[in-house]
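Read off the chains here:
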Amino acid sequence: MKKIFFILICLLLFKTIFAVEGMWIPTLLKKFNIEEMQKMGFKLTAEDIYDVNHASMKDAIVLFGSGCTGEVISDDGLLITNHHCGFGQIQKHSTLAHDYLTDGFWAKNRFEELVNPGLSVQFLVKMEEVTQEVMKGAKEDLKDVDLKKLIASNIEAIKRSYAGITNYLVDVKPLFYGNQYFAYVYEVFKDVRLVGAPPASIGKFGGDTDNWVWPRHTGDFSLFRVYAGKDNKPASYSPDNQPYHPKKFFPINLKGIRKGDFTMVFGFPGSTQEYIPSQAVRLLIEKSNPIKVVARTIKLGIMENQMAADPKVRIQYASKYAGVSNVWKKWQGETRGLVRLHAVEKKEKEELEFSKWVSQNSSREKKYGAILEDFKKNYAELSDIQIAYDLYNETILRGSDVFGLIARVDQLAQSVNDTAKFSRQMRIIAEILPGYFKDYDGQTDQLILPALLKLYFERLDPKHLPEKLNSCKTDFINSTWVHDAYKRSLFSDSLKIKTLLLDFGAKQIKKLQKDDLYSLYVTISEYYRKNIEPTYLRLNQNIMKVQKAYMSAILEMKQDQRLMADANLTLRVTYGKIEGYEPMDGVYYEYYTTLKGMIDKQDPNITDYLVPEKLKQLYNAKDYGIYKNSTGELPIAFCASNHTTGGNSGSPVINANGELIGVNFDRCWEGTMSDLLFDPERCRNIALDIRYALFIIDKYAGAGYLLKEMNLIK
Ligand code: ARG
Ligand code: ASP
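Not measured: the values here are computed from a predicted model.

A. Main features of empty space enclosed by the protein. Counting across every chain of the model gives one cavity of 30 Å³ or more. The space that makes up the largest cavity amounts to roughly 30 Å³. Forming the walls of the largest cavity are Ala388, Tyr456, Leu460, His464, Tyr527, Tyr528 and Ile532.

B. Structural detail: the packing of helix α20 (residues 479-488) against helix α23 (residues 516-531). For the pair α20 and α23, the least separation of the axes is 8 Å and the interaxial angle reads 110°. Comparing the axis directions of α20 and α23 gives the class roughly perpendicular. Listed contacts from α23 to Trp481, Ala485, Tyr486 and Arg488 of α20 are Asp516, Leu517 and Leu520. For the contact of α20 with α23, the class distribution of residues is five nonpolar, no polar and two charged.

C. Region of the structure containing the side chain of threonine 570. With respect to the helices and strands, threonine 570 occurs in the loop between α24 (533-557) and β14 (572-577). Side-chain polar atoms of threonine 570 contact the side chain of asparagine 568, separated by 2.6 Å. Not counting chain neighbours up to four residues away, the residues in contact with threonine 570 comprise Lys173, Tyr184, Tyr186, Gly267, Phe268 and Pro269.

D. Inspection of the state of the cysteines at higher detail. For the structure on display, the rule yields one disulfide. Lacking any disulfide linkage, cysteine 639 is separated from the closest cysteine sulfur, that of cysteine 668, by 7.1 Å. Free cysteine cysteine 668: the closest other cysteine sulfur is in cysteine 683, separated by 6.5 Å.

E. Seen up close, the packing of α23 against α24. At a minimum axis distance of 4 Å, the contact between α23 and α24 shows a crossing angle of 40°. Residue-level inspection shows Tyr528, Arg529, Lys530 and Asn531 of α23 in contact with α24, the latter providing Glu533, Pro534 and Thr535. In the contact of α23 with α24, the residues fall into two nonpolar, two polar and three charged.

F. The site of ligand 1, seen in detail. Around ligand 1 sit His84, Lys204, Gly207, Asp208, Asn211, Trp212, Ala322, Asn326, Ser649, Phe665 and Asp666, and that is every residue in its neighbourhood. One of the side-chain nitrogen or oxygen atoms of asparagine 211 is found 2.7 Å away from a nitrogen atom of ligand 1. Contacts to ligand 1 include asparagine 326, whose side-chain N or O atom sits 2.9 Å from a nitrogen atom. Summarising the interface, the protein chains cover 89% of the accessible area of ligand 1, which totals 340 Å² for the free molecule. At the level of elements, α10 (207-210), α12 (311-340) and β20 (660-667) are the ones that each hand at least two residues to the shell around ligand 1. The residue inventory of the shell around ligand 1, partitioned by class, reads three nonpolar, five polar and three charged.

G. The arrangement of a positive patch on the surface in detail. Residues Lys507, Lys510, Lys511 and Lys514 make up a contiguous surface patch of positive charge. Following the sequence through the fold, lysine 507 ends up in helix α22 (residues 506-513). Residue lysine 507 is classed as exposed on the basis of its relative accessible area, which comes to 67%.

H. The arrangement of helix α21 (residues 494-502) in detail. Looking at α21, one finds that the buried residues are Ile497, Leu500 and Leu501. Around the axis of α21, the buried residues are gathered within 95° of arc, so they sit on the same side. Among the exposed residues of α21, those oriented more than 90 degrees off its buried face are Leu495 and Leu502. Of the surrounding secondary structure, the elements contacted by the buried residues of α21 are α16 (401-414), α17 (419-438) and α22. Where α21 begins, the capping side chain belongs to aspartate 493, and its oxygen is found 2.8 Å from the backbone nitrogen of leucine 495.

I. The arrangement of the site of ligand 2 in detail. Within the structure, ligand 2 sits among His84, Trp212, Thr645, Gly646, Gly647, Asn648, Ser649, Phe665, Asp666 and Arg667. With respect to ligand 2, the side chain of serine 649 contributes an N or O atom lying 2.5 Å from an oxygen atom. A distance of 2.8 Å separates an oxygen atom of ligand 2 from a polar atom in the side chain of arginine 667. Burial of ligand 2 by the surrounding chains reaches 92%, relative to a free accessible area of 270 Å². Its residues placed into classes, the shell around ligand 2 shows two nonpolar, six polar and two charged.

J. Layout of the layout of surface pockets. One number sums up the size of the second largest pocket: a volume of about 1,400 Å³. Lining the second largest pocket are 29 residues, with Asp144, Leu147, Lys545, Lys548 and Ala549 positioned closest to its centre. Mapped onto the lining of the second largest pocket, the elements with two or more residues apiece are α8 (144-161), α14 (362-368), α15 (371-397) and α24. Considering each element in turn, the lining of the second largest pocket owes the most residues, eight residues, to α24. A class-by-class count of the residues in the lining of the second largest pocket yields 16 nonpolar, five polar and eight charged.

K. Here's a closer look at the pattern of salt bridges. This model, assessed by the stated rule, comprises 38 salt bridges. As a salt-bridge pair, aspartate 439 and lysine 438 come within 3.5 Å of each other at their nearest N and O atoms. Its relative accessible area of 11% is what places aspartate 439 among the buried residues. Salt bridges sharing common partners tie together Asp76, Arg110, Glu113, Arg225 and Glu709.

Reading guide: rules and limits
Every chain's residues receive numbers from 1 upward, in the order its sequence appears when written. A letter from A marks each chain and a number from 1 marks each ligand, given out in the order of writing. At least 70 in pLDDT is required for a residue's local features to be given in this predicted model, at least 80 for side-chain atom pairs to be given and counted, and no such filter applies to totals for whole chains, interfaces and linings, which use all residues. Side-chain numbers here rest on the full set of heavy atoms in the structure, without hydrogens or water. The pocket and cavity definitions rest on a 1 Å grid over protein atoms only: a 1.4 Å probe that fits but cannot leave marks a cavity, an open set with protein on both sides within 12 Å along at least five of seven lines marks a pocket, and residues lining either have an atom within 4 Å of a point. Grid points are joined across faces, edges and corners, and a volume is the space filled by probe spheres set on the points. Each axis is a line fitted through C-alpha atoms, and for a helix only the stretch in contact is used; angles between axes span 0 to 180 degrees, taken between their N-to-C directions. A run of H or I in DSSP becomes a helix once it reaches four residues, and a run of E becomes a strand once it reaches two; helices and strands are each numbered from the N terminus. Angular relationships are summarised with four words: roughly parallel below 35 degrees, roughly antiparallel beyond 145, roughly perpendicular across 65 to 115, and oblique for the angles in between. The contact rule is simple, with two residues in contact once any of their heavy atoms fall within 4.5 Å. Throughout, the ten residues Ala, Val, Leu, Ile, Met, Phe, Trp, Tyr, Cys and Pro are labelled nonpolar, Asp, Glu, Lys and Arg are labelled charged, and all others, Gly among them, are labelled polar. Under this definition, polar contacts are N or O atom pairs within 3.5 Å; protein pairs additionally need one hydrogen-donor-capable and one acceptor-capable atom, and for neighbouring residues in sequence, both atoms have to be side-chain atoms. Disulfide assignment relies on a single distance test, namely cysteine sulfur atoms paired within 2.5 Å. Distances are taken per atom, and a residue is near a molecule or strand as soon as one of its heavy atoms is within 4 Å of it. The Shrake-Rupley method, run with a 1.4 Å probe, gives the accessible areas here. Residue values count only the displayed protein chains as cover. To count toward a patch, a residue needs a relative accessible area above 30% and no salt bridge. Like charges then connect within 9 Å, nonpolar side chains (Val, Leu, Ile, Met, Phe, Trp, Tyr) within 5 Å. A pairing counts as a salt bridge when a side-chain nitrogen of Lys or Arg comes within 4 Å of a carboxyl oxygen of Asp or Glu. Positive: Lys, Arg. Negative: Asp, Glu. His and the chain ends are not part of the count. The atoms used to mark charge sites are NZ of Lys, CZ of Arg, CG of Asp and CD of Glu. Accessibility here uses a 1.4 Å probe with only protein chains present; expressed as a share of the type maximum, an area under 20% marks a residue as buried, one over 50% as exposed, and anything in between as partly exposed. The directions from the helix axis to the C-beta atoms are what the arc is built from.

Written as structure tokens, this is what we have:
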């Protein structure tokens, strides 16, 4: 009996050490994590991960674009990230004649690599804590506005202090809601070229049907190359640029993975909200997520029909669709997960404990005594306008394409008297216009606009609706009105809008005001800006202030514990083990998938499940080369217990020796609430097995020459 008890205790301990919640700061690993990591199997040191004086893993990792991660895998700046991270670029290069989305793209040599204006990658040069410098001169009795000004000017001074380092981007960001600050210095490369991408039937296999779901068979990767000037420093695009030689690139391990292996993910997680109060979670579950899901369901339904009916629209809307659908699905999984975990009740319990701790002494009472009440008050008020805010964002501002463009031109019109702002707005519009019209289908937009307006009118509390619209709101969703309005509108025609912008001033603004779509947008948005937005901003400001105090109290209350700072799109390390999970009672999901599973899943009637002919042939011939696993199958993906979030897509998944074993791309359905609440039992990250990427490059695409620049560990 004693023995069984002992084994049980061991098993429990073993289990808890498997999944480790948290996205950790690279410079603090030595203090907080490295010992635990090594206990779990990591064979290297904290300096191997992050070091300013010597090449370390961080020198091989980039913030890819504005919200993904990528890693360098050759001495010639070859970069791997997800297919869905490069999707925008692949889509931009695609036309009916060169449909790289459907067929894939492989540059046969460096001259064929495709240039991507607007795309950049950022390498972290160094990061350091600057809390004291940011708070310099801050006194207890400072008014909010003055504190804000002081912080802003201190941050500017910190940025200037790095000014000697040319070509670098300096960012100062708050952690723990402004209880801590870090400065980040980046080197930004703007010449990043597309090298290769599999066809969507591989890179997006399973599509939106399988998105956020394990088991998965998506070959979610694409290849880019970073170019630099002759001095190996960042340079704007030039045909004379040369492949960038990084300080470090990742060796690739082909020996495979086993259940229980140590793994870490090193990348740029975007944002988490681990410390928000119960009211915030309730608002999300009950109001915000549901209304946003409804709006996007409508939009997606229309896009889907239009894309199915016209191949041109399919290409035009592929990237937009994926973007709208991705978060739409996540919100649904998140809500489910939070409900299942009784997140609101859990938070309420924590708040009860918190108030007990506060009431233990009078100085805490004085400092923190009002926090919970303040949360309650502000969230109660916010709750009244949350739907108005979400509806405006989902149906007006980001609903139809035309309102999106009008919103920009409206900002331009409002800044005619501010030369700097005006030229900034004009530059942005000039940049987006060509892409806008390449991917704009008037017919589709004409369906989306009235459908979303209808929802807006139906679901908005009438007290938040401009009176002007109350009597005539049915007109705007009438298809004849919509059709005529689009036909006459300046915004449906690239030539008309370009002419208008050519010499933009009072006369053109008058012209705008006669445009029906413009007037409708302005009526709604002016009302919103006057009546909803100020309250929304005020409440959020209040909430942020309370949240900062709450965070500071939690840091004090749990000072002997290791706390993770919420993700903020800066480089973080998360670690765990390769392991499957139990999604529901009686079911266990294995930790890896194979090509066999993809073939089993194929369905000629479902676009998301089409398998390319050549892949089938390779499967039938079992021509897997050096990429097969120990049972002779070709691995595709694996899951592990790393705490990741959006932005971690494309991140390197690294083994105990610091070698690349996979590329992170998703999380499992049962774990989508991990931005708010991490469940070690069910939260899993999903990664592409690097062997599958190499197999596709080598055997499927015949681009094996790319492998020659990599360091393969066989
Ligand atoms: N869910 C993943 C992430 O959040 C992948 C999204 C891309 N795939 C898609 N089918 N939309 O980004
Ligand atoms: N797919 C996400 C991304 O693009 C990753 C995640 O949310 O787990 O960053």
